[in-house]
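Now for the letters of each chain:
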Amino acid sequence: MIYEKYRATYDLNGCHIMLDELPYGDFVEVEGTDTSTIRMVSSQLELNFEAAAGAGYSRIFDNYNLKYGLPPSDLTFEALGEKKPTPEELDLRIAD
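Residues numbered from 1 in each chain as written. Predicted model: local features only at pLDDT ≥ 70, side-chain atom pairs only at ≥ 80, totals over all residues. Heavy atoms only, no water.

S.K.: Explain the pattern of salt bridges residue by residue, including any values.
M.R.: For the structure shown, the criterion picks out 4 salt bridges. Between Arg 39 and Glu 50 there is a salt bridge; the shortest N-O distance is 2.9 Å. One end of the pair, Arg 39, is in helix H1 (residues 35-44); the other, Glu 50, is in the loop between H1 and helix H2 (57-67), and 11 residues separate them in sequence. Owing to a relative accessible area of 38%, Arg 39 belongs among the partly exposed residues under this scheme. Among the salt bridges present, the one from Lys 67 reaches Asp 91, with a minimum N-O distance of 2.9 Å. On the criterion of sequence distance, the pair formed by Lys 67 in helix H2 and Asp 91 in the segment after helix H3 (77-80) is long-range, its members being 24 residues apart. Given a relative accessible area of 41%, Lys 67 falls into the partly exposed group. Judged by relative accessible area, Asp 91 falls into the exposed class, the value being 55%. Several salt bridges converge on common partners, so that one network encompasses Arg 7, Asp 20 and Glu 29. (Salt bridge = Lys/Arg side-chain N within 4 Å of Asp/Glu carboxyl O. Helix = DSSP H or I, 4+ residues; strand = E, 2+ residues; numbered from the N terminus. Buried < 20%, exposed > 50% of the residue type's maximum accessible area, 1.4 Å probe, protein only.)

Written out as structure tokens, the structure reads:
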């Protein structure tokens, strides 16, 4: 599988904050040493921690393709073209 994304990385209070642009949407990842720190930083960023996705980017994309009967394809900007699934279509909740 070919997988494309653009990423900007920041540090805040001991966590790495990654802003990711993927062909099917924009995401925020918060990585830290423990859950309480991640929750604190998520709160500072006004993110709803409870809306966190439980799957990785490729799994989210695979689930979307299966749900809508689409053939598997590469996770590239070219392959998706102008298609931008909604968070609901991806079975995701908006966290911001």
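S.K.: Before we move on, can you summarise the packing of aromatic side chains with the specific residues and values?
M.R.: Under the criterion given, the structure shown has 6 aromatic pairs. Residues Tyr 3 and Tyr 57 carry aromatic rings whose centres are separated by 6.4 Å and whose planes lie at 35° to one another, so their mutual orientation is tilted. One end of the pair, Tyr 3, is in the segment before strand E1 (6-12); the other, Tyr 57, is in helix H2, with 54 residues separating them in the sequence. These aromatic residues form a ring-pair network of at least three members: Tyr 3, Tyr 24, Phe 27, Tyr 57 and Phe 61. (Phe/Tyr/Trp six-rings, centres within 6.5 Å; stacked < 30°, edge-to-face > 60°.)

Note that every value here comes from positions in space, so none of it alone points to a role or purpose.
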